[in-house]
Amino acid sequence: MPADARLEIQFATLEQQGDTAQVGMWIFLVNETIFFGALIFTYFLYRLTYPHEFAAAAKDTVFWAGTANFVILVTSSLTMVLAINAAAQEERPNQMIGWLIVTVGLGFLFLGVKGYEYYLDILDRVVPVVHFEVKPGEGSAGELFWVFYWIATGLHAIHLTVGIGLLLYMLLWRIRRGEITPAYYAPLEVVGIYWSFVDTVWLFLYPCIYLVGRS
Amino acid sequence: MSTTTFEGMPATEPRAATEPSYLTSENTIASWLFTRDHKRIALMFFASVTFFFFVGGTAATLMRLNLATPQGLLQPAVYNRMFTMHGIIMVWFFLIPSIPTTFGNFFIPMMIGARDLAFPRVNLLSWYVFNLSGLVVLFALVMGGADTGWTFYTPLSTVYADGYVFAAAIAVFINGFSSIMTALNFIVTIHRMRAPGMTWMRLPLFVWGIYTVSVVMLTATPVLAMDTFLLAFERFTGIGPFSVQHGGDPILWQHMFWFYSHPAVYIMILPAMGVVSELIPCYARRPIFGYTGMAIALMSLAILTFFVWAHHMFVAGISVYSAILFSLMTFFVAVPSAIKVFNWTVSLHKGRIIFDAPMLYALGFVLLFTLGGVTGLMLATLAVDVDLHGTYFVIAHFHYIMVGATVSAFFGALHYWWPKMTGRLYPEMWARSAAILMYVGFNMTFFPQFVLGYLGMPRRSYTYPVEWQSWNVLSSAGASILAIAYLLPLLYLGWSIFFGRKAGPNPWGATGLEWATPSPPPTHNFGDTPIVTLGPYSYDPENDTFIDQEGVSHAR
Amino acid sequence: MYHWIPFWPDTAAVNAVVVNNLYIAELGLSAVIMVTVLAMMLTYCVRYRSNGTASRGHRLERTWHFEIAWTVATLGVFLIVFVWGAQVYAWLYEPPPADEEVYVVGKQWMWKVEHPGGQREIDALHVPVGKTIRVVMGSEDVIHSFFIPAFRVKHDVVPGTLETVWFKADKTGVFRLECTQFCGLQHATMQGEIDVMSGADYARWLTSQGVHESLAEQGADLFRAHGCSGCHGQNSTVHAPSLTGLYGTMVHLQDGSVRLADEAYLRDCILNPRSFTVAGFPPVMPDFAGQLGEDEVIKLIAYIKSLGSKQESLR
């Protein structure tokens, strides 16, 4: 066991430190799941109460953008895992960095597509209260669908941005200082777990937003 | 769970005897503000929660002064904002954080034989986030306060209220993250960093209390975060899931709010129960009665608490069948609490009881908690709740638990662990007097409120019909006594820091790994990893001794 | 008993008597529990005080028997209390056939009362003694709560729907009405008087109010003024559900659900017809949300109720 400056005083071994960090992230994700879960619960409550209005409102979502983002995120989870895989292997630090850069790139691509989609949404007048036009069949409950849309995708985008920030922190700080090695790459795994969670949230939001009313 | 203890610690620490304590090791402001030491963070939290306790207490003082006469003292708008801010500040800025962030932070690592929590920087961040939320709530308060009650019922809070609802909701939203971070830290620490030999069933019950409360905090607080977010959104934009105009249901807010806030009240009591389970064995000089039952009771409370929320809504218009179900679940959740009361009481049997201040607080806790609990049974009874809901009976019930029980436990813990934290002994006679005064003042303040509730006095009222004045005057008089009892510790504990007698490592002859360190402890707690061989509370009342981890008997 | 320090509220309705008995039983149970805990604590504290000489030997090691025993006993007692409370609650919240009906609208910060005969009151409610009174309640703004301590009866008054509560006063007198759900600035003064009178006095009071049109008649005026009779009237050519005999029946809705046609249902249909379209009818009814106040909705409901309940309908 290398005499590591990275070993914190409260841990006995780097292995304990790394495992504990991962457990910490999993437990944090329980908390995040419940946070998004409460929102999705509210959504489902109103979806079941006003099925026609929600279906009518959901027809105006930009399907290609949502689907493209779905593919982008799932791919980015793959590249994230490939990066971690590379980190575990002595000979391939450049591969790890490469996959991480691809992941960051896909993250930015998601945000770009989302940003363009928001622009289209504004043009289509689906911003509740501020810039909203009631479409036929929506009634007053349709606006609630759009409230859910903006809140859910907004919160998701914030979480994704934090994820990109963490990846950049890994690339520009920890990896540059040589702190991620095959002997200890737990911080990268922790970021990877978080990244997969952000991806999973989109897996739930996607059908709620884009597939309702299109079946 | 496979063994999560570790073999040995890196031998990097100097001898404990000459090592400076955590208080004096470095003394710049930066060394405190950027500390990673759980003990310093605990003291910083102590300062924050005490500050908010007095802010919330000032609001309460103004309220009770107002209620001494029907004509009152405050303008109605001011009174309404006072009780709202009193509730928000006391719940989120005192009761929920108090015991976990002060005594939990300080003693969990020590009790399990660790050198710090799993994530010390997250711990520090939690304090900063807490203070950030504190700044927002103070902003809301100073600007005039929110005026909806701490429960923010819609559509009053979203549409009709005049006050600073948005700011108050954001303050609570941010505060939730502080809770979540603390809870996460405790869960991971207790799972992964126990010393060799410290199995789950050898953990002190205070650790069980903090562990179970952390599970509840972690699971319930995100719902509050989403609730306050949606509330703030709807307040700001005029549209949201609670908006009647858009087909929303105002009762949805109540369901979502109480889904968090009922577990929240258990968040407030579980650590207090943990504290009392430490105090009674120490001052009765015998092991707790039914340790396993006590641990199981804590876990049952943590689980059952999620299934009772709609007992706050029996008159709100939920279906009779739902109401019956929730009432049944509420009776179930009362059972573990009752078991704990019996076990604490019987833990006095064949002990060698000492009546120091912490024990007075602990015994007071048991009685006040029991009274609060039986009145809770009355509220759980559907037909009686129809009459009592929304009246002063409910106020009296929850103050018996939150103030009578939790605050007593907080003060008990403060006195019990004071020598360990500060290295000084407090003056015992002053402490006992304050404890007794608190008990008397408390009962005088809140018992009349049960009567007022059955008479029909609604809560959240700045005035009342004149025939109810006598009970209100009695209550206000009690509050003045209670205020003195709360101020006294500030004085004599403060005095003891400078002039109190120096304390040795174990002034009470208590068991528990924290008492095996100097008072105050060094920064890294333990030089060598302790090895645990005994369960907690290895007191022997027959011979009036206690046994340490090496098997040696000591007199008190 | 000194009258200047009240200790126990009036018990002035059949509802109150039942709840009172349960409350007293629980007070008794609570007293037993408190006394037991206190007595044990005091006994142990005295007997086993630190410098006492009682024997500390032979402490019980196996504690499970006690723990199981008092857990089961506690649960048993709790379940008895629970069942009693649940039974009374179901009785309190399921209105029996009413002798009289009254409509109440809560708004910041007053109670507006309307009798079916059109008599109106503010912050007061006159009722005859010994009769079952059914109260239909709505709110114009925020959530209030209608509470009569002397009758031990309470229900929240929620905007967006109509709630029902009943009571039967068994003595005459004036009793307090309170609002027990914080509703804003003057919540503390949102009080009223329930004036329970003998049957004869009540009848005299009703006629002395000088009212010409009953609530149902006012509702009929609104029915015509807002064009409802255009679709729902006798001579309408539009395919719309008949309202005669509708009240009290079960209605099958478009989405497959079935609802009882009570006051809340009628209100939902008037204000949000698209979400409550009756099965087999086109969703073309205009919604009147924002055009009708709670008072007016109540008058329309009174009119629809007057078209006969649970009789043959002319579908």
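Below is a short write-up of the structure. On a predicted model such as this, the values are computed, not experimentally measured, just so you know. (Residues numbered from 1 in each chain as written. Chains lettered and ligands numbered in written order. Predicted model: local features only at pLDDT ≥ 70, side-chain atom pairs only at ≥ 80, totals over all residues.)

## With respect to the nonpolar core
The tendency in soluble globular proteins is for nonpolar side chains to be buried as a group. Residues Ala168(B), Val207(B), Val276(B), Ala362(B), Phe365(B) and Ala409(B) are the most contacted members of the largest nonpolar core, which totals 335 residues. Structurally, this core is a two-domain feature, drawing no fewer than three residues from each of domain 1 (1-43 + 95-212) and domain 2 (215-309) of chain C. Residues in contact with Val207(B), not counting those within four places in the same chain, are Ile108(B), Met111(B), Ile112(B) and Ile190(B). (Core = buried A, V, L, I, M, F, W, Y, C linked by C-beta atoms within 7 Å. Buried ≥ 20, exposed ≤ 12 C-beta atoms within 10 Å, placed from the backbone. Domains from an automatic or database assignment. Contact = placed C-beta atoms within 7 Å.)

## Some words on the interface of chain B and chain C
Between chain B and chain C, the residue contacts involve 70 residues of the former and 70 residues of the latter. Looking at the side of chain B that touches chain C, the elements that each hand over two or more residues are helix 3 (76-112), helix 5 (156-160), helix 8 (250-284), helix 10 (320-346), helix 11 (357-380), helix 12 (382-388) and helix 14 (428-455) of chain B. Broken down by element, the side of chain B that touches chain C gets its largest block of residues, 13 residues, from helix 10 of chain B. When the residues that make up the side of chain B that touches chain C are grouped by side-chain class, the tally is 45 nonpolar, 19 polar and six charged. (Helix = DSSP H or I, 4+ residues; strand = E, 2+ residues; numbered from the N terminus. Nonpolar A, V, L, I, M, F, W, Y, C, P; charged D, E, K, R; others polar.)

## Some remarks on the packing of helix 4 (residues 215-225) of chain C against helix 7 (residues 294-306) of chain C
For any two helices packed against each other, one specifies the crossing angle of their axes together with the interaxial distance. All names here are of chain C. Where helix 4 meets helix 7, the axes come as close as 7 Å, and the angle between the chain directions of the two elements is 105 degrees. In terms of their interaxial angle, helix 4 and helix 7 are classed as roughly perpendicular. In contact with Leu 215, Ala 216, Gln 218, Gly 219, Ala 220, Leu 222 and Phe 223 of helix 4, helix 7 contributes Glu 296, Lys 299, Leu 300, Ala 302, Tyr 303 and Ser 306. (Axes fitted to C-alpha atoms, helices over the stretch in contact; angles between N-to-C directions. Parallel < 35°, antiparallel > 145°, perpendicular 65-115°, else oblique.)

## Some remarks on the interface of chain A and chain B
Across the contact, 28 residues belong to chain A and 35 residues belong to chain B. Of all elements in the fold, only helix 1 (14-49) and helix 5 (142-175) of chain A reach the threshold of two or more residues within the side of chain A that touches chain B. Take the side of chain A that touches chain B: its biggest share by element is 15 residues, from helix 1 of chain A. Grouping the amino acids of the side of chain A that touches chain B by side-chain chemistry returns 19 nonpolar, eight polar and one charged.

## Some words on the sheet that holds strand 8 (residues 163-168) of chain C
Within a beta sheet, neighbouring strands are joined by backbone hydrogen bonds and run either parallel or antiparallel to one another. Residue and element names in this part refer to chain C. What the five strands build is an open sheet, ordered 3-2-1-5-8; its pairing is mixed. If you trace the sheet from one side to the other, it starts and ends with strand 3 (120-122) and strand 8, each paired once. When strand polarity is set aside, the average angle formed by the axes of neighbouring strands in this sheet is 25 degrees. Sheet analysis places strand 5 (residues 132-139) next to strand 8, joined by six bridges and oriented antiparallel. (Pairing = 2+ DSSP bridges.)

## A closer look at unusual backbone geometry
Put simply, Ser519(B) and Pro520(B) share a cis peptide bond, and its omega is -5 degrees. Position of Pro520(B) relative to the elements: it lies in the loop between helix 15 (469-499) and strand 1 (539-540). Residues Gln108(C) and Trp109(C) are joined by a peptide bond in cis, for which omega reads -10 degrees. A positive phi angle is found at Arg285(B), which is not glycine, with a value near 55 degrees. We classify Arg285(B) as buried; it has 27 C-beta atoms within 10 Å.

## A short note on helix 7 (residues 205-237) of chain B
The periodicity of an α-helix, 3.6 residues per turn, causes residues three or four places apart in sequence to face the same way. All names here are of chain B. Taking 1.5 Å of rise per residue, the 33 residues of helix 7 would be expected to cover 48 Å, and the 47 Å separating its terminal C-alpha atoms lies within 8% of that figure. If you look at helix 7, its biggest bend is around 30 degrees, right at Ala 220, and the proline Pro 222 turns up within four residues after that. With 30 of 33 residues buried, helix 7 is to be regarded as a mostly interior element. One or two positions beyond helix 7, positive phi appears at Gly 238, with a value near 90 degrees. (Expected span 1.5 Å × (residues − 1). Bend = angle between axes of the 7 residues up to and from the residue.)

## Quick notes on the sheet that holds strand 9 (residues 173-179) of chain C
All names here are of chain C. Taken together, five strands build an open sheet; the order of strands is 4-10-9-6-7 and the sheet is mixed. Both edges of this open sheet fall to strand 4 (124-128) and strand 7 (153-157), since each of them pairs with a single strand only. Each strand axis lies, on average, 20 degrees off the axis of its neighbour in the sheet, ignoring direction. Here helix 3 (residues 199-207) sits on the sheet and contacts strand 4 and strand 10 (192-197); the angle it forms with strand 4, its principal contact strand, is near 130 degrees.

## Topic: the environment of Ala47(B)
Residues and elements named next belong to chain B. Mapped onto the elements, Ala 47 comes out in helix 2 (residues 38-66). When the 11 C-beta atoms within 10 Å are taken as the criterion, Ala 47 is described as exposed. The sequence separation of Ala 47 and Thr 102 amounts to 55 residues, and the corresponding C-alpha distance is 9.1 Å.

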